[in-house]
Amino acid sequence: MKREEILTLCHSNPDFIASYIEDFELRCKDLESQNIEFRERIHELESQVKFKDARIEALESQTIEFQARISELESLLNQTIQINKKPPSTGTFIEKKPKTGSSRDGNNNCPGGQKGHPGSTLNKVEDPDEIIFHQLHKCKHCGRNIEESEVIGYKTRQEFNIVVMRNVTEHRAEIKKCPYCNCKNKADFPKSITKPVQYGITVLTIAIYLRNYQLIPYNRIKNLYEDIFGFKISSDTIIKAEKKLYHKLKGVTNHIKKQLIKEDVIHGDETGINVNGRGEQCHLISTKKYTYYFHHKSRGFKAMNKMGVLPKYRGILVHDFWKSYFKYKCEHALCNVHIQRELKNIYKIYKQEWAKEMSDLLYEIKEQADCARKLGTKIGEDTIKTFIEKYHLILMKGFEDNPPPEISKDDEAKRGIQAQSKARNLLDRLEKYEKEILRFATDLRVPFSNNQAERDLRMITIQQKISGDFRKTNGADVFCRIRGYISTLIKNKMPVISSLHSAIEDVPPLP
């Protein structure tokens, strides 16, 4: 209706207008109440949306944590004993034992010596210990007797064998009575003969050789002596002989330490040993010519100082990333085989291409270094510069794939270093220790890996597997010193048994 019509209606019918206004006000109140209900519903829905958004965000962060945990567990399942070196008591559950991995590439070579291998075999000797003649009685052609016929030649074959026999030597010291003063005199026994009945030096030498080189337990040495030589030898007798040799090898050990300090490049490593149920450490410093083992409770700086080599050494020390080594003033070179294992693991589990590229680059540099070493030259500066540029590019790619973790307010309040992924930790090390990692290319005296120390230390691990714990601390010290001397003898191509024999007689040969 128009305004004029409404005014006319107000004059003619005021009751209708009043009722209309009343209805209108009721409708307005209904609409207002509905509007309030709708607003409350909208507010309720908005709060539900916010709650769901928060829940989704919490679930997303939880999913990220679960994915990281799954990746970590998968990496543990894929790790081999060589990588983690963790004992079974750590509680890691693995249903199926993983196959032992290898950093070597497979080849199609047959087992045994390869083509060009010098090999070794028996050769005839000119003066055999025994000659046996085999006679002819009848002619093999006509059957007639030819015993009286002249021998015109011999066809010889030699059989090498071992004579196992017990040899008992009785020492008799003369007793004489002086005709002038009527005094009884007795001749002196040799210094090594101190008891009415005792084992000879050869018996003790072979027992020490079997225990400390062949790693045969004491009880099995006792059985071997009884089965082969026909007499029993107690474990206590062998242990006493080892302790005696331990003290006589002190000068030789000091000589080995002095020689190691003079070397241009040495290798360092350590491994766990069990001493009377306690986990302790066997430290190693070695080269191609010398081996020095040292037993201590500590794995770190305190034990390395007590060894007495690293505090005075100023050459190049090859080792893994154990931080204690970096406290010494010598130059450092890092084992690239350890790095290759980690790179291989990251590529296998996380499928990150930069890890494979870095692995390929390190092997490419190794081939160049090996070739230059054979030719007696060096890798050119331009070539090294190109390798370093590639190294940096791969690092950049790796850092892009592994950004630093986001730090929340809760993490900021926590003390310590922020946890990172294994890939990020490796990238940080590759960046920080670039010079030490690539030292094998810039200085050809440095090998690609710490394989020398790994081989020397493997014997300690094998000894633990065969014979178990050392019962006493002194037993571990004795084994380390004798084993280090034997290893040094072998590296210098010196006879082991005769050298041990001389050492027991107070004249240990110096390598």
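Residues numbered from 1 in each chain as written. Predicted model: local features only at pLDDT ≥ 70, side-chain atom pairs only at ≥ 80, totals over all residues. Heavy atoms only, no water.

Visitor: Talk me through the packing of helix H4 (residues 201–212) against helix H6 (residues 235–248); I want residue IDs and the actual numbers.
Guide: At their nearest, the axes of H4 and H6 sit 10 Å apart, and the two run at 90° to each other. For the element pair H4 / H6, the angle class is roughly perpendicular. Judged by residue contacts, Leu204, Ala207, Ile208, Arg211 and Asn212 of H4 engage Thr237, Ile238, Ala241, Glu242 and Leu245 from H6. Each residue belonging to the contact of H4 with H6 can be placed in one class, and the counts come to six nonpolar, two polar and two charged. (Axes fitted to C-alpha atoms, helices over the stretch in contact; angles between N-to-C directions. Helix = DSSP H or I, 4+ residues; strand = E, 2+ residues; numbered from the N terminus. Parallel < 35°, antiparallel > 145°, perpendicular 65-115°, else oblique. Contact = heavy atoms within 4.5 Å. Nonpolar A, V, L, I, M, F, W, Y, C, P; charged D, E, K, R; others polar.)

Visitor: How would you summarise the environment of Glu364 if you had to cite specific residues and measurements?
Guide: Looking at the secondary structure, you find Glu364 in helix H10 (residues 353–375). The exposure class of Glu364 is partly exposed, given its relative accessible area of 34%. Setting aside residues no more than four positions away along its own chain, Glu364 makes contact with Phe387 and Lys390. (Buried < 20%, exposed > 50% of the residue type's maximum accessible area, 1.4 Å probe, protein only.)

Visitor: Lay out the nonpolar core in plain terms, naming residues and giving numbers.
Guide: If you look at the biggest cluster of nonpolar residues, it comprises 43 residues, and the most contacted ones within it are Tyr225, Leu245, Leu260, Ile266, Leu310 and Leu500. For this core, the elements supplying multiple residues, two or more each, are H4, helix H5 (218–228), H6, helix H7 (250–262), strand S5 (291–296), helix H8 (301–307), helix H17 (473–491) and helix H18 (496–504). What Leu245 contacts, discounting residues up to four positions off in sequence, is Ile208, Ile482, Leu500, Ala503 and Ile504. Counting residues in hydrophobic clusters, the runner-up holds 38 residues, among them Met358, Tyr433, Ile437 and Val446. (Core = buried A, V, L, I, M, F, W, Y, C linked by side-chain atoms within 4.5 Å.)

Visitor: Could you give an account of the environment of Ile21, naming the residues involved and the relevant values?
Guide: Residue position: Ile21 is located in helix H2 (residues 14–78). The class of Ile21 is partly exposed, set by a relative accessible area of 43%. Taking the C-alpha atoms as reference points, Ile21 and Leu215, 194 residues apart in sequence, are found 113 Å from one another.

Visitor: Quick one: what's the story with the sheet that holds S5, residue by residue and with numbers?
Guide: Reading across from one edge, S5-S4-S3-S6-S7 is the order of the five strands in this open sheet, with mixed pairing throughout. Two strands lie at the open edges of the sheet, namely S5 and strand S7 (331–334), each paired on one side alone. Going from strand to strand, the sheet's axes swing by 30° on average, the running direction of each strand aside. Pairing geometry for strand S4 (residues 278–286) and S5, over six bridges, is antiparallel. If you follow Cys282 over to S5, its bridge partner there is His295. Helix-sheet contacts for H7 involve strand S3 (265–275), S4 and S5, and the interaxial angle to S5 is about 110°. (Pairing = 2+ DSSP bridges.)

Visitor: Tell me about the confidence of the model for the protein chain, residues and numbers included.
Guide: Close inspection of predicted coordinates is inappropriate for parts of the model with low pLDDT. Here the protein chain averages 88 in pLDDT, and 91% of its residues register 70 or above. Taken as a whole, residues 81–85 scores under 50 in pLDDT and shows five contacts with residues more than four places along the chain or in a different chain. (pLDDT = per-residue confidence, 0-100.)

Visitor: Please give an account of the pattern of salt bridges that cites residues and values.
Guide: This structure, assessed with the given rule, holds 18 salt bridges. The partner of Arg439 in a salt bridge is Glu331, and the shortest N-O contact between them spans 3.1 Å. Placement of Arg439 in helix H15 (residues 439–442) and of Glu331 in strand S7 is noted, with a sequence separation of 108 residues between them. Owing to a relative accessible area of 9%, Arg439 belongs among the buried residues under this scheme. The structure contains a network of salt bridges with shared partners spanning Asp264, Asp443 and Arg445. (Salt bridge = Lys/Arg side-chain N within 4 Å of Asp/Glu carboxyl O.)

Visitor: Can you tell me about empty space enclosed by the protein, naming the residues and giving the values?
Guide: Applying the stated rule across the entire model yields one cavity of 30 Å³ or more. Of the voids in this model, the largest cavity is the one considered here, and its volume is about 50 Å³. What lines the largest cavity is simply Thr253, Ile256, Thr291, Tyr292, Tyr293, Cys480, Arg481, Gly484 and Tyr485. Elements that contribute at least two residues to the lining of the largest cavity include exactly H7, S5 and H17. For the lining of the largest cavity, the element with the highest residue contribution is H17, accounting for four residues. Residue classes in the lining of the largest cavity are distributed as five nonpolar, three polar and one charged. (1 Å grid on protein atoms, 1.4 Å probe; cavity = no way out; pocket = protein on both sides within 12 Å on 5 of 7 lines; lining within 4 Å. Points joined across faces, edges and corners; volume = space filled by probe spheres on them.)

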